Amino acid sequence: MENTIKTPMPQIQWYPGHMKKAKDIIVNNLKLVDVVIELLDARIPYSSANPMLQEIIAGKPRLVALNKSDLADGKVTKEWVAYFRRQGIPAVAVDAPQGRGIKQLVSMTEELAKPMTDKLVSKGAKPRAARVMILGIPNVGKSSLINRLAGSNKAKTADRPGVTRAKQWIRLGGNLELLDTPGILWPKFEDMTAGLKLAFTGAINDEAIDRELITGVFLQTMAEMYPDRLRERYKLAGDLPSASHELLELIGRKRGCLVKGGIVDTEKAQRIVLADFRGGKLGTVSLDMPPQEDGVAEDKK
């Protein structure tokens, strides 16, 4: 498994106006928090990391949370956690809807914030809760994580990017206060492979992409990395077609995506394939592998 997709790259650019506003909100309010939690998609930790983040957080203590770990290959996720820790960045795998990893995330956050809160007390201030900001690209599960931490639906949730748009403070009991902010993407994808994987997961709005191209590249990637997942899900036998359009047609026929004359409705088949991946129906899949040598991933940032 590699981080590079060996196929012609469709150009992907998506930076709606609210993304710039979100960045401004983050920069203007960063001084209010003690710790930054960087929320990544466990299926694509490299591709879902915002390369502007290090510049934005300017030395704030940082913790990486690998969300949607239930959808990712567990072995690969463990390798990512180990990789981040070798970089000196605390990391934990979480599954926000089911609550897995949440207690560890809270404990690690409080530990990171303790030097700051203790310092304030030593200067005569009253003890206060640790203040946290969670940063993540759209559709990485930030609202679901906040709701799990808060124990209620205090943050808006949706299965499409761009729903959380305004700043809001959320109390998480007596030990944590959370400053929620909108998800942000970067203005330009220097790495087209990362852009493609973000499109696979739905971090980029489907209306902003060429679904035919994206689905074709996704099927090629799955055929190379997880061919048995495709065979199992779509009841395919033998060698998979090498051409993505042939593979899509085969899947479409298996799923009954037919119109008059027995022709495959490829648009319907495309929607099914992407929905199956995003919903975990293709099994646990990791499309990014951690670098073999320390420091390689930092080139992206």
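Scroll up a little and you will see the structure.
This one's a predicted model, so the numbers in the text were calculated from it and none came from an experiment. (Residues numbered from 1 in each chain as written. Predicted model: local features only at pLDDT ≥ 70, side-chain atom pairs only at ≥ 80, totals over all residues. Heavy atoms only, no water.)

## A few points about the layout of surface pockets
- The volume enclosed by the second largest pocket comes to roughly 180 Å³.
- Around the second largest pocket, the lining residues are Glu212, Leu213, Thr215, Gly216, Leu219, Ser244, His245, Leu248, Glu249, Thr266 and Gln270.
- Counting residues per element, the ones that place at least two in the lining of the second largest pocket are α7 (211–225), α9 (244–254) and α10 (266–278).
- Looking at the lining of the second largest pocket element by element, the count peaks at five residues for α7.
- Across the lining of the second largest pocket, the residue classes tally to three nonpolar, six polar and two charged. (1 Å grid on protein atoms, 1.4 Å probe; cavity = no way out; pocket = protein on both sides within 12 Å on 5 of 7 lines; lining within 4 Å. Points joined across faces, edges and corners; volume = space filled by probe spheres on them. Helix = DSSP H or I, 4+ residues; strand = E, 2+ residues; numbered from the N terminus. Nonpolar A, V, L, I, M, F, W, Y, C, P; charged D, E, K, R; others polar.)

## A look at the environment of Leu149
- Its location among the elements puts Leu149 in helix α5 (residues 142–150).
- By relative accessible area, which is 17% here, Leu149 ends up buried.
- For the pair Leu149 and Val106, spaced 43 residues apart in sequence, the C-alpha separation works out to 8.3 Å.
- Residue contacts for Leu149: discarding those within four places in its chain leaves Ile102, Val106, Ile134 and Leu172. (Buried < 20%, exposed > 50% of the residue type's maximum accessible area, 1.4 Å probe, protein only. Contact = heavy atoms within 4.5 Å.)

## Thoughts on the environment of Leu240
- Mapped onto the elements of the fold, Leu240 is located in the loop between α8 (227–234) and α9.
- Residues contacting Leu240, with those up to four places away along its chain left out, are Ala223, Pro227, Leu230, Arg231 and Leu247.

## A short note on unusual backbone geometry
- Positioned with a positive phi, Lys68 is a non-glycine residue whose angle comes to about 60°.
- Residue placement: Lys68 occurs in the loop between β2 (62–67) and α3 (74–86).
- At Lys235, a residue that is not glycine, the phi angle is positive and equals roughly 55°.
- Note on placement: Lys235 falls in the loop between α8 and α9.
- Given the relative accessible area of 61%, Lys235 is considered exposed.

## As for empty space enclosed by the protein
- For the structure shown, the criterion picks out three cavities of 30 Å³ or more.
- The space that makes up the largest cavity amounts to roughly 80 Å³.
- Elements with a contribution of two residues or more to the lining of the largest cavity: β1 (35–41), α2 (53–57) and β4 (130–136).
- Looking at the lining of the largest cavity, the element that brings in the most residues is β1, giving three residues.
- Partitioned by chemical class, the residues of the lining of the largest cavity number eight nonpolar, three polar and one charged.

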